[in-house]
Amino acid sequence: MNEHAAHTYKQQQVNTATPAKMVFMLFEKTLSRLQEAQKAIERNDIQGRCNANCSAQELIAHLANTLDMEQGGEIAANLERLYTHCMIRLMDVDRKNDPNAAAEVIKLLTPLRDSWAELSEKSEGELRQAVMTAQQDRPALPNEATQSSASAKDEAEKPAPAKSGLSISA
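Residues numbered from 1 in each chain as written. Predicted model: local features only at pLDDT ≥ 70, side-chain atom pairs only at ≥ 80, totals over all residues. Heavy atoms only, no water.

## Things to note about the overall build of the chain
And then number 1: Along its length, the chain carries seven helices and zero strands.
And then number 2: Reading the helices (α) and strands (β) of the chain from amino to carboxyl end gives α-α-α-α-α-α-α.
And then number 3: The proportion of buried residues among the 170 residues of the chain is 22%.
And then number 4: For the chain, contacts bridging at least 24 residues in sequence account for 60% of all contacts bridging at least 6.
And then number 5: Here the chain displays about 12,400 Å² of accessible surface, and carbon together with sulfur accounts for 55% of that area. (Helix = DSSP H or I, 4+ residues; strand = E, 2+ residues; numbered from the N terminus. Buried < 20%, exposed > 50% of the residue type's maximum accessible area, 1.4 Å probe, protein only. Contact = heavy atoms within 4.5 Å. Areas by Shrake-Rupley, 256 points an atom, 1.4 Å probe, with all protein chains shown as cover.)

## Re the packing of helix 3 (residues 46–65) against helix 4 (residues 69–96)
And then number 1: At a closest axis distance of 10 Å, the pairing of helix 3 and helix 4 adopts a crossing angle of 170°. On the basis of the axis angle, helix 3 is roughly antiparallel to helix 4. From helix 3, Arg49, Cys50, Asn53, Cys54, Ala56, Gln57, Ile60, Ala61, Leu63 and Ala64 reach across to helix 4, where they touch Tyr83, Cys86, Met87, Leu90, Met91, Val93 and Asp94.
And then number 2: Taken together, the residues that form the contact of helix 3 with helix 4 break down as 13 nonpolar, two polar and two charged. (Axes fitted to C-alpha atoms, helices over the stretch in contact; angles between N-to-C directions. Parallel < 35°, antiparallel > 145°, perpendicular 65-115°, else oblique. Nonpolar A, V, L, I, M, F, W, Y, C, P; charged D, E, K, R; others polar.)

## Looking at the side chain of Ser55
And then number 1: For Ser55, the location among the structural elements is in helix 3.
And then number 2: A distance of 3.1 Å separates the side chain of Ser55 from the side chain of Arg33, its partner in a polar contact. (Polar contact = N/O pair within 3.5 Å; in protein donor to acceptor, adjacent residues only side chain to side chain.)

## Structural notes on the layout of surface pockets
Sizing a probe to match a water molecule and rolling it over the atoms shows the empty space that remains.
And then number 1: Roughly 1,100 Å³ of volume is contained in the largest pocket.
And then number 2: Lining the largest pocket are 28 residues; nearest its centre among them are Gly72, Ile75, Leu79, Trp116 and Leu119.
And then number 3: When residues of the lining of the largest pocket are traced back to their parent elements, those giving at least two are helix 2 (19–42), helix 3, helix 4, helix 5 (99–121) and helix 6 (124–137).
And then number 4: Among the elements that take part in the lining of the largest pocket, helix 4 stands out by supplying eight residues, more than any other.
And then number 5: Within the lining of the largest pocket, the residues separate by chemical class into 18 nonpolar, seven polar and three charged. (1 Å grid on protein atoms, 1.4 Å probe; cavity = no way out; pocket = protein on both sides within 12 Å on 5 of 7 lines; lining within 4 Å. Points joined across faces, edges and corners; volume = space filled by probe spheres on them.)

## A word on the environment of Ile88
And then number 1: Among the secondary structure elements, Ile88 is positioned in helix 4.
And then number 2: Taking the C-alpha atoms as reference points, Ile88 and Ala101, 13 residues apart in sequence, are found 9.3 Å from one another.

## As for the pattern of salt bridges
And then number 1: Under the definition given, this model contains eight salt bridges.
And then number 2: Between Arg33 and Glu36 there is a salt bridge, with the nearest N and O atoms lying 2.8 Å from each other. Here Glu36 and Arg33 lie together in helix 2, a separation of three residues that amounts to about one turn.
And then number 3: In this structure, Asp92 and Arg95 form a salt bridge, with 2.7 Å as the shortest nitrogen-oxygen distance. Taken together, the residues Asp92 and Arg95, both in helix 4 and three residues apart, mark about one turn of the helix. (Salt bridge = Lys/Arg side-chain N within 4 Å of Asp/Glu carboxyl O.)

## Some remarks on the confidence of the model for the chain
And then number 1: With 71% of its residues at a pLDDT of 70 or more, the chain has an overall mean of 81.
And then number 2: When mean pLDDT is taken per element in the chain, helix 3 scores highest with 98 and helix 7 (residues 142–157) scores lowest with 51.
And then number 3: Across residues 158–170, confidence stays below pLDDT 50; counting only partners more than four residues off in sequence or on other chains, it has zero contacts. (pLDDT = per-residue confidence, 0-100.)

Structure representation (structure tokens):
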């Protein structure tokens, strides 16, 4: 396969990927770059190590920047801490020429990559159903129950808004 065809194929994969598949591909690329950095250290290829490690750091930074802290709650906060730790450890790859730092990050990110791989194989309908089930099964916090009943009461007392002619559908 020539280089142009390979590039076109990769581009098509990205353009047609679901969000879960995109995250999986980011993790896959990150792990690949970290393995390249390790191999470059073995070969004493400083430029190769630097290029691969910098690429891995950029990918992790992208993963961190796309976290939705409002909707993600505790999970997003934990991922942000994990990504920060990974970024700090990857500084040691370049600063100390340390393949163990890359190995540690690979060990931390591999289970996440595997989980996203599993998620990316599910259909969109299955994912929606799983999210709805998880939301229904989650017990309401005492604070939420009070707020939701109070806001429902407030909503019932408000006059109906005037129709604007706009229609928003999901």
